[in-house]
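Close look at the chain arrangement
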Amino acid sequence: MSTASVPLPRWINYGLIPFLNLLVAFLISGFVVWLIGESPLDALSLLIEGAFGSGEGIGFTLFYATSFIFTGLSVAVAIHAGLFNIGSEGQAYLGGLGCALVALALDNYVPWYVTMPIAVLGAGIFGAAWAFVPAYLQAKRGSHIVITTIMFNYIGAALMVYLLVHVLIVPGKMAPETRTFLDGGQLPKLGWIMEIFGGKLGAAPFNVSFIIALVVAWFVWLLIWRTKLGFEMRTLGVSPTAAAYAGIPYARTVMIAMLLSGALAGMMALNPVMGASARLQVEFVGGAGFVGIAVSLMGRNHPLGIIFAAILFGVLYQGGDWISFEMPNITREMILVIQGLVILFAGALEYMFRPAMVHIYQRLTGK
Amino acid sequence: MDYYDIFISVLSSTIRLSIPLIFTALAGLFSERAGVFDIGLEGKMLGSAFAAACVAYVTDSAWLGLVAGILCSVALSLVHGFASITNRGNQIISGVAINFFIAGITIVLGQAWFGQGGRTPQLAGEARFSPIILPGVDAMREVPVIGPLYANVISGNNILTYLAFVAVPLSWWILYRTRFGLRLRAVGENPGAVDTAGISVTWLRYRAVMCAGILCGFSGTYLAIAQSAAFIKDMSAGKGYIALAALVFAKWKPVPVMFACLLFGFLDALANFMQGKQVPLIGEVPVQIFQALPYVLTCVLLAGFIGVAIPPKAGGVPYTKER
């Protein structure tokens, strides 16, 4: 008999197996570190020291985590509807355009708390707009969403470079970026949270978007598990034929799921654009859209899991910087290695340990 | 410069830029016709470029570099196969994982081994595939029209370029004229029927992804030790995805794949040529238009404006033998 249909208790399915998957990913990462000739344990302690050792370190960790929460949610919403949105990267890039335009238009006239909600909206709308064509092609023409969203990542990158180099650039400047936003277009730092715990934020750009991210995560939870639309999306994700039989409109649900996914990805831009650099720059997304895939997989597509997974990846990014500073042999790209391994073992090889688990479980319980 | 000379120079760089696309898109063809989506083409190309450059540097032999490139790429294909065929995992996720892993590990190992910021040392002489001058070039050069074409486009390429153009009819022959090819295509459309005929779906798909690995090995090797003389970090620069677009654009058929790759290579060559040049009436054309055009064209195709692209029916679906 196949082991796939044997039920396992929840703590094995949602606790032990994901833990084993992650463990293998990190053991192999440690092996790579050892291969280079450094001590994996030293690297681990540097990682933790870099990410949590100071108020500034924690600030950077949470700053990175903020972006990853948004992109993780973006990937997760699509996955619930059975769609694999690999285009969060491009949607976030365009979202940056949306929130930068709002900030540029308003920063001279109103304080940040007026700009912020409009910027959230702007980023969301631009992100969603970039998901529209792939969503339409999937819903109406049956083109594979993976292919089209990849295409749109590249089209988006070309478009943004064009806009920044030829249109939005400050006349007379060389750098392809917009002007610096005034105070009305910047999100304030959250230094006071750090001070409650007696730390100092220093140069870390940990800002209000973190709170927005948490609120948005709660909304996503509400949407997926507490609304009719969320139920329809999950039904479609589990079984398209059952969804069709239940009268759930395929095209409409796909469109809504993808537009929401694009909007969530777009909102990620608030954090780096308005929260950190206060201007729109080339390649500001820096792969956060792809990290969202790993974050969503690790967080089992649940908002709470995504928040924790995003913080873990924040630790990897900030701690990874620290390691590359202290151990010049290990470059920053080590993060990509770990990321790839996490995606491989927590995602593609998700069920690798399951048959073995079933055997052990059956032997132990005597069934 | 004379218009014909411009044409010749754009044409010869079209060939140069198309070769990695052709190998990679053919790799995707084998994999996807067997029902295994392969987003990891990019990673396999980059990984084999790194392996080829390292081994060619150490052994001073381009051919050993090629072998290393192929071995690396096939190994990655087997990982992809293990995840998506044996473990029935998500093929897209597995491909994404491979791309990330390779993008990181090539730089980490490159820095640790050579300390040049992710580059490998410069290669020269026997460690590279150098241009082959066909016989009679000097005599032909003076012949009008055909002469420059022969001397600059047909001659003066390296062996891998010619192999790419051999690989196209060869792939066609394997896929459409051999028993293996028939079964491979069948397993991408209806694996259940293949299984009923007593043929192992698993083994067939494994062979298909290994074919993809071998072809990607050629494209990576071409990048590192034929086109360039070293591995440079992230040197595949999205070519794996352009090849994927070409594969879709060519509707998963070998000969159209070659033409799609030549078209996308031509757009790339044109972009390089047009940089900073004025076009009458329009002015300077932004280079980004050429960069986006392959993807825009593919999306237009997918939207159904240029015929219909129907992917292999069982693509992306893991095969479950029993319930």
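Residues numbered from 1 in each chain as written. Chains lettered and ligands numbered in written order. Predicted model: local features only at pLDDT ≥ 70, side-chain atom pairs only at ≥ 80, totals over all residues.

1. Quick notes on the overall build of chain A
As a reminder, the rule being used: Helix and strand assignments follow DSSP, with helices taken as H or I runs no shorter than four residues and strands as E runs no shorter than two, numbered in order from the N terminus. Only C-alpha atoms enter the radius of gyration, while the globule expectation follows 2.2 Å times N to the 0.38, with N the number of residues. Any residue surrounded by 20 or more other C-beta atoms within 10 Å of its C-beta is treated as buried, while 12 or fewer makes it exposed and the intermediate range makes it partly exposed; C-beta atoms here are placed from the backbone. Contacts here follow a simple rule: the backbone-placed C-beta atoms of the two residues must lie within 7 Å.
Helices and strands together make up the secondary structure of chain A, namely 16 helices and 0 strands. In summary, chain A has a C-alpha radius of gyration of 21 Å against a globular reference of 21 Å for 367 residues, a match within 12%. With respect to the principal axes defined by its C-alpha atoms, chain A has extents near 75 × 55 × 40 Å. Counting over 367 residues, chain A shows a buried share of 55%. Sequence-distant contacts in chain A: of pairs separated by 6 or more residues, those separated by 24 or more amount to 78%.

2. Side note on the overall build of chain B
Scanning chain B from terminus to terminus reveals 13 helices and 2 strands. In terms of C-alpha radius of gyration, chain B reaches 20 Å, essentially the compact-globule figure of 20 Å for 323 residues. Here the C-alpha coordinates of chain B stretch approximately 70 × 50 × 40 Å along the principal axes. Within chain B, the proportion of its 323 residues that are buried is 52%. In chain B, the proportion of contacts linking residues at least 24 apart, taken out of those at least 6 apart, comes to 76%.

3. Looking at the packing of helix H7 (residues 159-177) of chain B against helix H12 (residues 254-274) of chain B
Residues and elements named next belong to chain B. Put simply, the rule reads: Only the stretch in contact is used when a helix axis is fitted, and all axes are lines through C-alpha atoms; the angle between N-to-C directions ranges over 0 to 180 degrees. Geometric relationships in this document are graded by angle, where less than 35 degrees denotes roughly parallel, more than 145 denotes roughly antiparallel, 65 to 115 denotes roughly perpendicular, and other angles denote oblique. Crossing handedness is read from the near helix: turned anticlockwise from the far helix by less than a right angle, it gives a left-handed crossing, and turned clockwise, a right-handed one. Residue polarity follows a fixed list, in which Ala, Val, Leu, Ile, Met, Phe, Trp, Tyr, Cys and Pro are nonpolar, Asp, Glu, Lys and Arg are charged, and the others, Gly among them, are polar.
Between H7 and H12, the least distance of the axes is 8 Å, while the angle of their chain directions is 155°. The orientation of H7 relative to H12 falls into the category roughly antiparallel. For the element pair H7 and H12, the recorded crossing hand is right-handed. On H12, the residues touching Val168, Ser171, Trp172 and Leu175 of H7 are Pro254, Val255 and Met258. For the contact of H7 with H12, the residue count by class is 6 nonpolar, 1 polar and no charged.

4. So, the interface of chain B and chain A
Taken together, the contact between chain B and chain A spans 38 residues of the former and 43 residues of the latter. Among the secondary structure elements, those contributing two or more residues to the side of chain B that touches chain A are helix H3 (62-86), helix H4 (91-114), helix H11 (239-249) and helix H13 (287-302) of chain B. If you tally residues by element for the side of chain B that touches chain A, the top one is H4(B), at 15 residues. Its residues assigned to classes, the side of chain B that touches chain A shows 25 nonpolar, 12 polar and 1 charged.

5. Concerning helix H8 (residues 209-226) of chain A
Think of an α-helix as turning once every 3.6 residues; residues three or four places apart then point the same way. Residues and elements named next belong to chain A. The test is simple: By this rule, a helix spans an expected 1.5 Å times one less than how many residues it contains. Directions pointing from the helix axis toward each C-beta atom define the arc.
Its 18 residues give H8 an end-to-end C-alpha distance of 25 Å, which sits within 8% of 26 Å, the value for a rise of 1.5 Å per residue. Among the residues of H8, those classed as buried are Ser209, Phe210, Ile212, Ala213, Val216, Ala217, Val220 and Ile224. One side of H8 holds all its buried residues, which, seen down the axis, span an arc of 145°. Opposite the buried face of H8, by more than 90 degrees, sit the exposed residues Val215, Leu222 and Arg226. Contacts made by the buried residues of H8 are with helix H3 (55-80), helix H5 (112-141), helix H9 (228-238), helix H11 (250-267), helix H12 (270-277) and helix H14 (303-326).

6. Here we look at the environment of B:Lys277
Mapped onto the elements of the fold, B:Lys277 is located in the loop between H12 and strand S1 (278-279). Residues B:Lys277 and B:Ala246 lie 31 residues apart in sequence; the distance between their C-alpha atoms is 27 Å.

7. Comments concerning the environment of A:Tyr136
As for its placement among the helices and strands, A:Tyr136 is situated in helix H5. C-alpha of A:Tyr136 to C-alpha of A:Met255: the two residues are 119 residues apart in sequence and 6.5 Å apart in space.

8. Observations concerning the packing of helix H6 (residues 145-167) of chain A against H13(B)
H13(B) packs onto H6(A) with a crossing angle of 150° between their chain directions and a minimal axis gap of 9 Å. With respect to H13(B), the element H6(A) is oriented roughly antiparallel. Our pair here, H6(A) against H13(B), has a crossing hand that is left-handed. Mapping the contact onto sequence places A:Thr148, A:Met151, A:Tyr154, A:Ile155, A:Ala158, A:Leu159, A:Val161 and A:Tyr162 in H6(A) and B:Gln288, B:Gln291, B:Ala292, B:Tyr295, B:Val296, B:Thr298, B:Cys299 and B:Leu302 in H13(B). Of the residues belonging to the contact of H6(A) with H13(B), the class tally is 12 nonpolar, 4 polar and no charged.

9. Focus: the environment of B:Met274
Residues and elements named next belong to chain B. Mapping Met274 onto the fold places it in helix H12. Taking the C-alpha atoms as reference points, Met274 and Ile289, 15 residues apart in sequence, are found 11 Å from one another. Apart from residues no more than four positions distant in its own chain, Met274 is found in contact with Val285 and Val287.

10. Digging into helix H13 (residues 288-298) of chain A
Of all the 11 residues making up H13(A), 11 are buried; the element is thus mostly covered by neighbouring parts of the structure. Buried residues of H13(A): A:Ala288, A:Gly289, A:Phe290, A:Val291, A:Gly292, A:Ile293, A:Ala294, A:Val295, A:Ser296, A:Leu297 and A:Met298, and no others. Where H13(A) is buried, its residues contact H3, helix H4 (88-106), H11, H14 and helix H15 (334-348) of chain A together with H4 of chain B. The first or second residue beyond H13(A) is A:Arg300, which carries a positive phi of 50°.

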